[in-house]
Amino acid sequence: MLSKQCEEVDIVITTAAIPGRKAPLMITKDMVAKMKAGSVTVDLAAETGGNVGTTVKDEKIVTDNGVTCIGYTDLASRLPTTSSSLYSNNISKFLLSMGPQTTKVKDYLYIDHEDDAVRGMLAVEKGNLMWPAPLPPPPVAKKEEAKSIEPEVIDYRAPYVQGAKQAAYLAGGVLGAGCISPDPAFSAMFTTFALSNIIGVQVVLGVTHALHSPLMAVTNAISGTTALGGMHLLAHSNSAGVTTLAALATTLSTVNIVGGFIVTKKMLDMFKRPTDPPEYYHLYGIPAAGSMAFYTAGSMSGHVPEIDSAAATLAGLLCIGGIGGLSSQSTARLGAASGQAGVALGVASTLGHLHPDAATTAKIAGLMAVGGAAGKYIGDRVEPTSLPQTVAAFHSLVGVAASAAAVGDFINAPVVSELDKVHLASIYLATVIGSVTCTGSLVAFGKLDGRMGSAPMSHPARDQINMGLGAATLGAGAIVMGGPEFGTGIAALGGALATSGALGWHMTASIGGADMPVVITVLNSYSGWALCAEGFMLDMPILTTVGALIGCSGAALTKIMCDAMNRDILSVILGGYGTKSSGKGEAMKFEGEATQTNVDDVCNLLMESQSVIIVPGYGLAVAKGQYPLKDMVETLTSAGKKVRFGIHPVAGRMPGQLNVLLAEAGVPYDIVEELEEINDDFDETDVCLVIGANDTVNSAAEDDPNSEIAGMPVLRVWNSKQVIVMKRSLAAGYAGVENPVFLKDNTDMLLGDAKDTCEKLAAGVKALSGK
């Protein structure tokens, strides 16, 4: 604390003298070395050794850094002379201010009656008594013009107009679909699709932010139901090429299913607390096994043909429950179990519906065993810091599976030219969306895993390339929809596959690393829509239901992420910069110098505080500093301090990633709060510790309307009494915007590796607490 004050003050006077004993050392040489040039120390205990480490008895010295250190022991006898000198100096300065120094005219004494000091001292002027001085005339009151305050005009009609438009669009779209419906089967499937979208949006919006990462993992696993399309192709394959594509779709999808659920379980287990009651979720295996046995017996009997549809419906409901369970920590693991049961029942109902021969069944089982083994191998080795790139890699597998199943279904058609328009459109959409998802996910994986640079690819003809690839993809689609002969159709479908893949690669490569969280959620949504298209293609309602659920999940998360950055989704996908609120002028230039601190001072500061908020960012994840941070939090909490965490929605490289990291280290999730919950509490916080966060705590978002992050909701850490920012360097964040918080008077920078610094802080506060 004294070290910190020495850096700020200009004069230090010490008086701690104990009769008959050596004076205690209060200001060390290191503290003096931190003082500003021109500062002064006055040691009144110099006679008994001094309180200041640089004091020399009966001398005045100047240190190397320009600090004057006074160690006189006769200051008392020096005071009368000093006082007289000061008084006479003031009188002479006062008289000179009325003389030649003011008028520059020799022998002319100018008396300024407007000067309060001169007027008050003037007794006689030109024989006239001037004392007591008359009061100066009162200042003329400025007439303030009444400002006309225009009342704020609130357009109460606007939201109703907007709502009416949306209702009209929805009604027109639904009725339009009915007009183009070719048969009752399509209408039934469209009904399933529409209702699944509504259910999906409501379920996903109920998921708590802390569980957004498990949500991504569980939807990844459920999107592996593309395996059902591969199984369908295997059962009806009429060529080796189709069998190969079907095998590829089935195997890769199973990798997603098993790997996704393992990652989901690992993440949810991290949120367990030692005080949580015992759980018996394995008991749900009994009704799951019973339902499977019931279905198997009914399907094999041949007397209940509609049981396949009922099983598929139950599988869809269980998958919906898998996501709905993530609405709270208490039901999250039940949701994971529900999702697993849903996918298992979906596979079983597909087998029951297909009734494949023994050889095909063995082939399906073998392929799924291989995929499951690969998924388990990957899932067991995933660490929390590599979750974003793992999710992106899993997305690419879904894309390959969807495209393979769609192309295989086209090749497998007896007469391609006789396929109806709905079937052709479904094949085309599944192929294109799957291809975009695959290549886009691979680029996202490369950027997140450090295999590619995080900077956006800025080709001068970027937009023209995107438009050209998009036009080529649409043109190929028009040929496919024309119902051509096989040769022309497969060439057009292959062309659409290639151009859409190139489009996915180019668009994702043109997006910077800061926007990768949004890219991941968009790709998650794409995988769902590819699954929907596959459902229409194969007339499998379960794929449409699950696909709509996943598509809505990704879309809802994308909206949440874009709102948290005040970004427009189109600007993100097209590789743009700035927020919806960014002005067109030049961004503000912030001047000043950041002050640095050290571990010891921060430890003292933390122990002297009563309330602490910690704001982690991706820097904490990269350094893997969550474990020593958790130890420090435990020490502070046991010392009676109120410690909480503030998490920004886009902190990390994936929704909810920081929540998972803290849970992995054992930080109780009930002290981890979201931006909306904690932002108003910074005013009452003694210390805010920012670890590896930058853009999410940047005050330029609120203060500079021309900033590229203007309008972005940020954590107002600068409202705390003291802010400590832990970073490797003073560089800007991913958005490339300077952070004025670093220059504020109540902010100190603690530079260094996050893990190493957290370990030192944990050890420091533990030593100070005596534990």
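Quantities reported herein were computed from a predicted structural model and do not represent experimental measurements.

Novice: Even after reading the chapter, I still don't get the pairing of strand S11 (residues 687–691), so can you show me in this structure?
Specialist: Burial within S11 is extensive, with 5 of its 5 residues counted as buried. Pairing geometry for strand S8 (residues 611–616) and S11, over 5 bridges, is parallel. Across the sheet, residue Ile613 finds its bridge partner in S11, namely Cys688. The pairing of S11 with strand S12 (residues 722–727) spans 5 bridges and is classified as parallel. Looking across to S12, one finds that Val687 is bridged to Gln722.

Novice: Looking at this structure, I do not really get the sheet that holds strand S10 (residues 672–674). What am I missing?
Specialist: Note on sheets: strands pair through backbone hydrogen bonds, and any given pair is parallel or antiparallel. Read from one edge to the other, the open sheet built from 7 strands follows the order S7-S13-S12-S11-S8-S9-S10, with strand pairing classed as parallel. Because the sheet does not close on itself, it has two edges, and the strands there are strand S7 (595–596) and S10. Pairing of strand S9 (residues 642–647) with S10, which is carried by 3 bridges, proceeds in the parallel orientation. In the strand pairing of S10, Ile647 is matched with Glu674. Together, S8, S9 and S10 form the strand contacts of helix H25 (residues 657–665), whose direction differs from that of S9 by roughly 145°.

Novice: Before we go on, may I ask you to explain helix H11 (residues 285–301) in this structure?
Specialist: With 17 residues, H11 ought to run about 24 Å at 1.5 Å a step, and its terminal C-alpha atoms sit 24 Å apart, in line with that. Those residues of H11 that sit buried are Tyr295, Gly298 and Ser299. Here the buried residues of H11 occupy an arc of 95° about the axis, which is enough to place them on one side. Seen from the open side of H11, the exposed residues pointing more than 90 degrees away from its buried face are Ile286 and Met300. Lining the buried residues of H11 we find helix H12 (307–324) and helix H13 (329–354). Positive phi shows up at Gly302, right after H11, with a value of about 80°.

Rules and cut-offs
Residues numbered from 1 in each chain as written. Predicted model: local features only at pLDDT ≥ 70, side-chain atom pairs only at ≥ 80, totals over all residues. Heavy atoms only, no water. Buried < 20%, exposed > 50% of the residue type's maximum accessible area, 1.4 Å probe, protein only. Helix = DSSP H or I, 4+ residues; strand = E, 2+ residues; numbered from the N terminus. Pairing = 2+ DSSP bridges. Contact = heavy atoms within 4.5 Å. Axes fitted to C-alpha atoms, helices over the stretch in contact; angles between N-to-C directions. Expected span 1.5 Å × (residues − 1). Arc of directions from axis to C-beta.

Function-wise, these values are silent; they only describe arrangement.
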